[in-house]
Protein chains: 2
Amino acid sequence: MNLRKEFAISPTRNEDFPEWYQQVVSAADLAENSEVRGCMIIKPWGYALWERIQKELDQRIKATGHKNVYFPLFIPLEYLQREAEHVEGFAKECAVVTHHRLEKGPDGKLHPASPLAEPLVIRPTSETIIGAAFSRWIQSYRDLPLLINQWANVVRWEMRPRLFLRTTEFLWQEGHTAHATREEAKEEALFILKLYEEFMRAYLALPVITGEKPESERFPGADNTFTLEALVQDRKAVQVGTSHFLGQNFSKANNIRFLDSQGKMEFAWTSSWGVSTRLIGTLIMAHGDDNGLVLPPTVSPIQVVILPLFKKEEEKTKVLDVVNFLAEEIKKLSFAAEPIRVEIDKREIGGGVKSWEWIKKGVPLRIEIGSQEVSSGLITLKRRDKGVKEKEQLPAHVFLEKLPQLLSEIQEAIYSRAENFLKQNTRLIDTKEEFYEFFASKDSKGNELSGGFAYAHWDGSRETEEKLKEDLKITIRCIPWDPQNTPGICPFSGRPSKGRVLFAKAY
Amino acid sequence: MNLRKEFAISPTRNEDFPEWYQQVVSAADLAENSEVRGCMIIKPWGYALWERIQKELDQRIKATGHKNVYFPLFIPLEYLQREAEHVEGFAKECAVVTHHRLEKGPDGKLHPASPLAEPLVIRPTSETIIGAAFSRWIQSYRDLPLLINQWANVVRWEMRPRLFLRTTEFLWQEGHTAHATREEAKEEALFILKLYEEFMRAYLALPVITGEKPESERFPGADNTFTLEALVQDRKAVQVGTSHFLGQNFSKANNIRFLDSQGKMEFAWTSSWGVSTRLIGTLIMAHGDDNGLVLPPTVSPIQVVILPLFKKEEEKTKVLDVVNFLAEEIKKLSFAAEPIRVEIDKREIGGGVKSWEWIKKGVPLRIEIGSQEVSSGLITLKRRDKGVKEKEQLPAHVFLEKLPQLLSEIQEAIYSRAENFLKQNTRLIDTKEEFYEFFASKDSKGNELSGGFAYAHWDGSRETEEKLKEDLKITIRCIPWDPQNTPGICPFSGRPSKGRVLFAKAY
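Because the structure is a prediction, the values reported are computed rather than measured.

About the criteria used
Residues numbered from 1 in each chain as written. Chains lettered and ligands numbered in written order. Predicted model: local features only at pLDDT ≥ 70, side-chain atom pairs only at ≥ 80, totals over all residues. Heavy atoms only, no water. Helix = DSSP H or I, 4+ residues; strand = E, 2+ residues; numbered from the N terminus. Rg over C-alpha atoms; globule rule 2.2 N^0.38 Å. Buried < 20%, exposed > 50% of the residue type's maximum accessible area, 1.4 Å probe, protein only. Contact = heavy atoms within 4.5 Å. Areas by Shrake-Rupley, 256 points an atom, 1.4 Å probe, with all protein chains shown as cover. Lys, Arg positive; Asp, Glu negative; His and termini not counted. Charge placed at Lys NZ, Arg CZ, Asp CG, Glu CD. Pairing = 2+ DSSP bridges. Axes fitted to C-alpha atoms, helices over the stretch in contact; angles between N-to-C directions. Arc of directions from axis to C-beta. Salt bridge = Lys/Arg side-chain N within 4 Å of Asp/Glu carboxyl O. Least-squares fit on C-alpha atoms with pLDDT ≥ 70 in both. Buried area = accessible area lost by both parts, 1.4 Å probe. Polar contact = N/O pair within 3.5 Å; in protein donor to acceptor, adjacent residues only side chain to side chain. Nonpolar A, V, L, I, M, F, W, Y, C, P; charged D, E, K, R; others polar. Disulfide = S-S within 2.5 Å. Phe/Tyr/Trp six-rings, centres within 6.5 Å; stacked < 30°, edge-to-face > 60°. Lys NZ or Arg CZ within 6 Å of the ring centre and 35° of its normal. Domains from an automatic or database assignment. UniProt positions renumbered as here; feature names shortened; annotations may be inferred. Parallel < 35°, antiparallel > 145°, perpendicular 65-115°, else oblique.

Novice: Quick question: what am I supposed to make of the overall build of chain A here?
Specialist: Each helix and strand counted, chain A has 15 helices and 27 strands in total. Rg of the C-alpha trace for chain A: 26 Å, near the compact-globule value of 23 Å for 507 residues, within the 12% margin. For chain A, the residues scored as buried account for 59% of the 507 residues in total. Restricting to contacts in chain A with at least 6 residues of sequence separation, those with at least 24 account for 69%. For chain A, the exposed area adds up to about 20800 Å²; of that, 49% sits on carbon and sulfur atoms. Taking the 69 positively charged and 72 negatively charged side chains of chain A as two groups, their mean positions are separated by 2 Å.

As structure tokens, this is what we get:
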């Protein structure tokens, strides 16, 4: 029996990446579409991933002095209009509540009743309603900085939804801060960008490129938008987080003023920043393989799964005794400052099916224990990051001794693979021809490839940006801060360039 | 200076309980009203309380085999109509989304645009949308029991909102389960009731009476609704949690069927249960005093606050050295299986103001350390549950040794006080006269009192219920399971009664 063919994800990543993605989501039982267009149901394994992300990121955000709060789901229509660019950016995708009751009509069906005097918008983001509160809470420079964060659901009406990556309702955290000076507010936005980057590298094994968005891609109402860009396995970029320096735009719109230390009234400077359930989509596309999800041990809800194997009833007790003992020993060990998370899968169904379930769910380590292992004192170990077939046999005590180190090795291996992929698919390009070839190339079967990340000079004009978008479906992902960013000539217009920027196709 | 008069909550509980409640919420900086009627902003101290509640309850729910998920905010109108009683119960308070875009009108203002083909309801609770998923997920008895839970925001349009107790949007957890048999589903509903009760007693120091709701107070669509009822200091009841046995009502409405072990298709049996941010309102009203909030140590975000006191700059270093050392030592100690949560308030503002802030926030223990304490090696200790003035002096090492025990004592003292209050204000009443006097009595100033909990016989009729509601503004809180529940005569109608039920005025 060729297990691989029977159980692996079909199609493979190379055959059809978007379909592979859907299949991995479904095979790992992460989420599914609901009947409400664009709204997903996050299932236990998917939600457990979100809880791990929340817990770790929440800790990091709190450790830097931010406090959690909760603001209303509803925003008065009038608030949204206060900042001109902001409303322009979000008006097209706002769900609007217009009634607060249902009534049976003559057709026997329910219809909206009791219209609201003023319609309410479901938050697409909370700058405006939080700004209104800030204007009440902030009186003097002593109230600053004000550093808050909330974990919430937001709604942006989505025309082309895709599970986790782009959904009408999504879960996120949104931080909102107010400061006495421009410098402090900008520093905060950059500080959080760094915090996100470290979190993504260390916890999600996700290398990212950071930089500033060009004006065309800025958050509506921001002076600067800083971004984190990941590259996933079909060589497209995913914007995995943003942090905005909002200048005084929202404080002027909401009248957030304070008495400074010299007794002068000043407008505050604000920032906002967020990451969302999109991180889960990125994790899948960055680390998954043709057998399903691959999870870094840090974020995996279960790090070690033990599969007891027995054919005859009389083997069962012996095997389960060893398995239970081993699980208890594993729980006593720590990885990344937490007890190792282990589960025993005792369901009595064929071993292959069970094993494949955990492969598809991406659990880092599988351990098989049957009567052979019991009598030899060896355990059979399978690393998810090494594919399906590779296995290792180790005496139980050696395994226990090695386990924390082994999880670290898996974590590093997953990160390294993603980092190598990023490096191998990042090019520094200085001619138009090479650039067009990079983004327009096809594979042997004629499928369009996405190229990857390309650093190229840009004259800074919207015109060049638009032309490239039209020709190659690419956008400027960010203006990076790395040493390659030196002045030159834009290969598209021949005009001067302040430095190379990062181009890619993107989700 | 009489600190008490200057800083305590005004009015006192006896003077005006509803206003005292508002003042405590505001003085402890827990929450405030937003501009959207009925929707509150939960501020850091209030949200930290919710996070403590979430963490503890989530752990208990997960430990009993339930898994967390997340379902969409939006429910198709058609779903709601599937269960007749359910829609009847919720139609009056549903927020309805009818448009998914905003457009500038000729008046320059934004107006709802792009009407939805089918309006969407914002979940008032999720039985219907979760039921639709259950009908997909459940095929065979092997898929049962299915045990899920979600932490989410829900919306029920509220005409008389009150912070935490009754808000249009509120946060809660809702558990939803499906089972193969009636017995199992009912057992689950009762099991969760017990879980809630233990959580409330142990973690919130909140004694509650449990029982079943009469038909008139049942959850719309349930066969049985079980409830937990607390008694707060104005002698009114608060329904702090409910657990519903839903029979096959929702499985028939949503076609949740499974193949049983004999190969027969059957409808599943379901349950649902929830507690909300209302718990915070109950905590305030159950434990608060005329100086503000009083928090049980288990749920308090900070358990010990240290206030360094120094008048001259040269005292500062010495005092802070001791304070920092003490905080580090405290962090090494545990209470209720977690490290003790300590904070140093280093702000340089008058000691009285600082101290009162923490009194109003309800922190269980305040420690003052000034140069006198530094030189004597004693620390000054103030227990929040003992009012404002009482203090104790202890050598630092004795304090550290005693601290976990001290927090336990505070926890027990708060629980005992609430339990005594409950006992003192619960009466077994067998005559109509006494009953009417109990609920219609007034204090010396002529203010109406709420009586408390009264156990009395009831003939089981809706008529008697309605009459008592009209005369005394009371409802049957529950049909309890305690030994007093023996047959007798209804004092209101003279008809036979199956047993005494619990009456009270309620929030």
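Next comes the rest of the description.
Novice: Would you mind going over the sheet that holds strand 7 (residues 146-155) of chain B with me for this structure?
Specialist: In sheet architecture, strand pairing relies on hydrogen bonds along the backbone and comes in two forms, parallel and antiparallel. Residue and element names in this part refer to chain B. Across the sheet, 11 strands lie side by side as 3-7-8-14-11-10-9-24-27-23-22; this open sheet has mixed pairing. Looking along the sheet, the strands with just one partner apiece sit at the ends: strand 3 (67-68) and strand 22 (426-428). Relative to strand 7, helix 3 (residues 44-63) is tilted by about 165°, and along the sheet it contacts strand 3, strand 7, strand 8 (169-179) and strand 14 (269-276). Strands strand 22, strand 23 (453-457) and strand 27 (500-504) of the sheet are contacted by helix 14 (residues 432-440), whose axis makes an angle of about 160° with strand 23.

Novice: Honestly, helix 15 (residues 462-472) of chain B in this entry has me stumped. Any pointers?
Specialist: What sets the pattern is the α-helix's 3.6 residues per turn: residues three or four places apart point alike. All names here are of chain B. Taken together, the buried positions of helix 15 are Thr464, Glu465, Leu468 and Leu472. Down the axis of helix 15, the sector holding all buried residues measures 100°, keeping them to one side. Away from its buried face by more than 90 degrees, helix 15 exposes Glu463 and Glu470. Along its buried surface, helix 15 packs onto helix 14, strand 24 (475-480) and strand 27.

Novice: Help me out: how do you make sense of the pattern of salt bridges in this one?
Specialist: When charged atoms on two side chains of opposite charge get close, those side chains can pair. Across all of its chains, the model carries 72 salt bridges over all chains by this definition. In this structure, Lys467 of chain B engages Asp471 of chain B in a salt bridge whose closest nitrogen and oxygen atoms are separated by 3.0 Å. Of this pair, Lys467 of chain B and Asp471 of chain B both sit in helix 15, separated by 4 residues, roughly a single helical turn. Linked by salt bridges that have partners in common, Asp29, Glu32, Glu35 and Lys43 of chain A together with Arg136 of chain B make up one network.

Novice: Explain the relation of the copies chain A and chain B to me, please; I cannot follow it from the model alone.
Specialist: Both copies of the chain are related by a screw-like operation: a rotation about an axis and a shift along it. Turning chain A through 180° and shifting it by 0.0 Å along the axis lays it on chain B, with an RMSD of 0.0 Å. The symmetry that links the two subunits is that of a two-fold axis. The C-alpha atom lying nearest the rotation axis in chain A is that of Val97 of chain A; the distance is 2.1 Å. Comparing interface residues between copies, 100% of those in chain A also lie at the interface in chain B; the contact surface is shared.

Novice: Whenever I open this one, helix 14 (residues 432-440) of chain A confuses me. Can you help?
Specialist: Residue and element names in this part refer to chain A. Along helix 14, the residues that are buried comprise Phe435, Tyr436, Phe438 and Phe439. Buried residues of helix 14, seen end-on, are gathered within an arc of 160° and therefore sit on one face of the element. Opposite its buried face, helix 14 presents the exposed residues Glu433 and Glu437, each directed more than 90 degrees away. Those residues of helix 14 that are buried are in contact with strand 22 (426-428), strand 23 (453-457), helix 15 (462-472) and strand 27 (500-504).

Novice: I keep staring at the interface of chain A and chain B and nothing clicks. Help me out?
Specialist: Often the size quoted for an interface is simply the accessible area lost on bringing the parts together. With 61 residues of chain A at the contact, the number on the chain B side is 61 residues. Taking both partners together, chain A and chain B bury about 5200 Å²; carbon and sulfur atoms supply 65% of that area. It is Tyr70, His100 and Leu102 of chain A that lose the most area in chain A upon contact with chain B, and together they represent 13% of the buried surface on that side. Applying the counting criterion to the chain A and chain B interface returns 6 salt bridges. Taken together, the links from chain A to chain B amount to 32 residue pairs in polar contact (both at pLDDT 80 or more). Here the side of chain A that touches chain B is composed, by residue class, of 38 nonpolar, 9 polar and 14 charged.

Novice: Whenever I open this one, the sheet that holds strand 5 (residues 96-104) of chain B confuses me. Can you help?
Specialist: The sheet built from 6 strands is open, its strands ordered 4(A)-6(A)-5(A)-5(B)-6(B)-4(B) with antiparallel pairing. Of all the strands in the sheet, the pair left with one neighbour each is strand 4 (74-76) of chain A together with strand 4 (74-76) of chain B. Within this sheet the neighbouring strands show an average axis-to-axis angle of 40°, counted without direction. The pairing of strand 4 of chain A with strand 6 (residues 110-122) of chain A spans 3 bridges and is classified as antiparallel.

Novice: I keep staring at the state of the cysteines and nothing clicks. Help me out?
Specialist: Formally, a disulfide is one covalent bond, and it connects the sulfur atom of one cysteine to the sulfur atom of another. On inspection of all chains with the given rule, the structure shows 0 disulfides over all chains. Unpaired in terms of disulfides, Cys478 of chain A finds its nearest cysteine sulfur in Cys490 of chain A, a separation of 17 Å.

Novice: What exactly am I supposed to notice about the packing of aromatic side chains here?
Specialist: Think of a pair of aromatic rings as described by two things: how far the centres are apart, and how the planes are tilted against each other in angle. Residues and elements named next belong to chain A. Taken as a whole and judged by the stated rule, the model has 37 aromatic pairs over all chains. Seen from their ring centres, Phe134 and Trp137 are 6.2 Å apart, and the 45° between their planes marks the pair as tilted. Of the two residues, Phe134 and Trp137 are both situated in helix 6 (residues 127-137); the distance of 3 residues between them amounts to about one turn of the helix. Judged on exposure class, the residue Phe134 and its partner Trp137 are both buried. Following the ring pairs from residue to residue traces out a cluster consisting of Phe435, Tyr436, Phe438, Phe439, Phe492 and Phe503. We note Arg257 situated over the ring of Phe267; from NZ or CZ to the ring centre the distance is 5.7 Å.

Novice: Where do I start with the pairing of strand 15 (residues 304-308) of chain A in this structure?
Specialist: When a strand is regular, its side chains alternate between the sheet's two faces. All names here are of chain A. Burial within strand 15 is extensive, with 5 of its 5 residues counted as buried. Of the two faces of strand 15, the one carrying Val304, Ile306 and Pro308 and the one carrying Val305 and Leu307 are both buried. In the sheet, strand 15 pairs with strand 18 (residues 342-344) via 3 bridges, with the strands oriented parallel. Bridge pairing in strand 18 links Ile306 to Ile344. As paired strands, strand 15 and strand 19 (residues 365-369) are joined by 5 bridges and run parallel to one another. Counted as the bridge partner of Ile306 is Ile367 from strand 19.

Novice: When you look at the environment of Asp260 of chain A in this model, what are you seeing that I'm missing?
Specialist: Residues and elements named next belong to chain A. Here Asp260 lies in the loop between strand 12 (257-259) and strand 13 (265-267). Along the chain, Asp260 and Ile344 lie 84 residues apart, while their C-alpha atoms are 60 Å from each other. If we skip the residues at most four places from it in the chain, Asp260 touches Tyr141 and Glu266. A polar atom in the side chain of Asp260 sits 2.9 Å from the backbone nitrogen of Gln262.

Novice: Looking at this structure, how should I read the domain arrangement of chain A?
Specialist: All names here are of chain A. What the domain assignment reports for chain A is domain 1 (3-287), domain 2 (304-406) and domain 3 (426-504). The straight-line distance from the C-alpha centre of domain 1 to that of domain 3 is 28 Å. Counting from both sides, the interface comprises 22 residues of domain 1 and, opposite them, 18 residues of domain 3. Both faces considered, domain 1 and domain 3 share a buried interface measuring about 1600 Å² in area, 60% of it formed by carbon and sulfur atoms. Ranking the residues of domain 1 by area buried against domain 3 places Ile209, Pro214 and Arg235 at the top, with a combined share of 30%. In this structure, Arg477 engages Glu229 in a salt bridge whose closest nitrogen and oxygen atoms are separated by 2.8 Å. Between domain 1 and domain 3 we count 5 residue pairs in polar contact (both at pLDDT 80 or more) in total. Those elements giving two or more residues to the side of domain 1 that touches domain 3 turn out to be helix 7 (182-204), strand 9 (209-212), strand 10 (224-231) and strand 11 (237-245). No other element matches the 5 residues that strand 10 contributes to the side of domain 1 that touches domain 3.

Novice: Can you walk me through the UniProt feature "domain: Aminoacyl-transfer RNA synthetases class-II family profile" (unreviewed entry) in chain A in this structure?
Specialist: UniProt records the feature "domain: Aminoacyl-transfer RNA synthetases class-II family profile" (unreviewed entry) at residues 46-296 of chain A, using the numbering of this structure. Secondary structure within residues 46-296 of chain A divides into 31% helix and 33% strand; the distance between the first and last C-alpha atoms comes to 14 Å.

Novice: What's the story with the packing of helix 14 of chain A against helix 15 of chain A in this structure? I'm lost.
Specialist: A pair of packed helices is characterised by two quantities: the angle between their axes and the separation of those axes. All names here are of chain A. At their nearest, the axes of helix 14 and helix 15 sit 10 Å apart, and the two run at 45° to each other. The angle between helix 14 and helix 15 falls in the class oblique. Judged by residue contacts, Phe435, Tyr436, Phe439 and Ala440 of helix 14 engage Leu468, Asp471 and Leu472 from helix 15. Of the residues that constitute the contact of helix 14 with helix 15, the class distribution is 6 nonpolar, no polar and 1 charged.

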